[in-house]
Amino acid sequence: MTAGELLVRATAWLAFAAYMSGTAAGLRHPAGRAFRLLWLAGAGLLLVHLLAAFHFKHEWSHAAAYADTARQTREATGLDWGGGVYLNYLLVLVWLADALGRLRTNPVAPSHALRRALTGFYAFMWFNAAVVFVRGPMRWVGVAAFGLIAVLAWRKFRPAPGAPDSDPAR
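A short tour of the structure in this document, coming up. (Residues numbered from 1 in each chain as written. Predicted model: local features only at pLDDT ≥ 70, side-chain atom pairs only at ≥ 80, totals over all residues. Heavy atoms only, no water.)

**Details of unusual backbone geometry**
For Glu59, which is not glycine, the phi torsion reads 50° and is therefore positive. With respect to the helices and strands, Glu59 occurs in the loop between α2 (33–56) and α3 (62–77). The class of Glu59 is exposed, set by a relative accessible area of 69%. Positive phi is not limited to glycine here, since Trp60 has a value of about 60°. Here Trp60 lies in the loop between α2 and α3. Overall, the relative accessible area of 51% leaves Trp60 in the exposed class. (Helix = DSSP H or I, 4+ residues; strand = E, 2+ residues; numbered from the N terminus. Buried < 20%, exposed > 50% of the residue type's maximum accessible area, 1.4 Å probe, protein only.)

Below, the structure is given as structure tokens:
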């Protein structure tokens, strides 16, 4: 493996680790410093990953990136489509804007609907990146990370004992 290939892989997995760590921190303290720093680090690492992939794998060719995305999508799902590369561009832009916006002294809180949409978009993209498009043992790292986040989210959002939604007779 060349140094360029190592940089592409390492920045992808470090960005994923920051996403998962940031998500876990955000479940505990959504406006906390740890969450905001992890969120920014993850977005920055994903940008470095994108730039490294374009430099080392695609020789700065969008057509090559599109073709490679189509090949990977075909191998993973049977669908011959390279449009996922545009979703990756969107992820980098949205995540960076989100992370930078959270660094403001008085950040404007997004609406509940927008926050849910962003959370779903991030989860969809990262699940595909870390589970669907990964082979071998690293796929299980992605599965375990998503499982852990699911448990943490369930623990945070489950109804309190005795609350109307927790009535076992329902």
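**Here's the deal with the nonpolar core**
Within the largest apolar cluster, 28 residues are counted, with the highest numbers of intra-cluster contacts made by Phe16, Tyr19, Trp95, Tyr122 and Trp126. For this core, the secondary-structure elements that each account for two or more residues are α1 (3–28), α2, α4 (84–102), α5 (112–132) and α6 (137–157). Per-element accounting of this core gives the leading share, seven residues, to α5. (Core = buried A, V, L, I, M, F, W, Y, C linked by side-chain atoms within 4.5 Å.)

**Focus: α3**
Spanning 16 residues, α3 covers 22 Å between terminal C-alpha atoms, matching the ideal 22 Å at 1.5 Å per step. Ala65, Asp68, Thr69, Ala70 and Thr73 are the residues of α3 that are buried. Buried residues belonging to α3 abut α2 and α4. For α3, the N-terminal capping position is held by Ser61, with its side-chain oxygen 3.4 Å away from the main-chain nitrogen of Ala63. Phi turns positive, to about 90°, at Gly78, one or two residues after α3. (Expected span 1.5 Å × (residues − 1). Contact = heavy atoms within 4.5 Å. Polar contact = N/O pair within 3.5 Å; in protein donor to acceptor, adjacent residues only side chain to side chain.)

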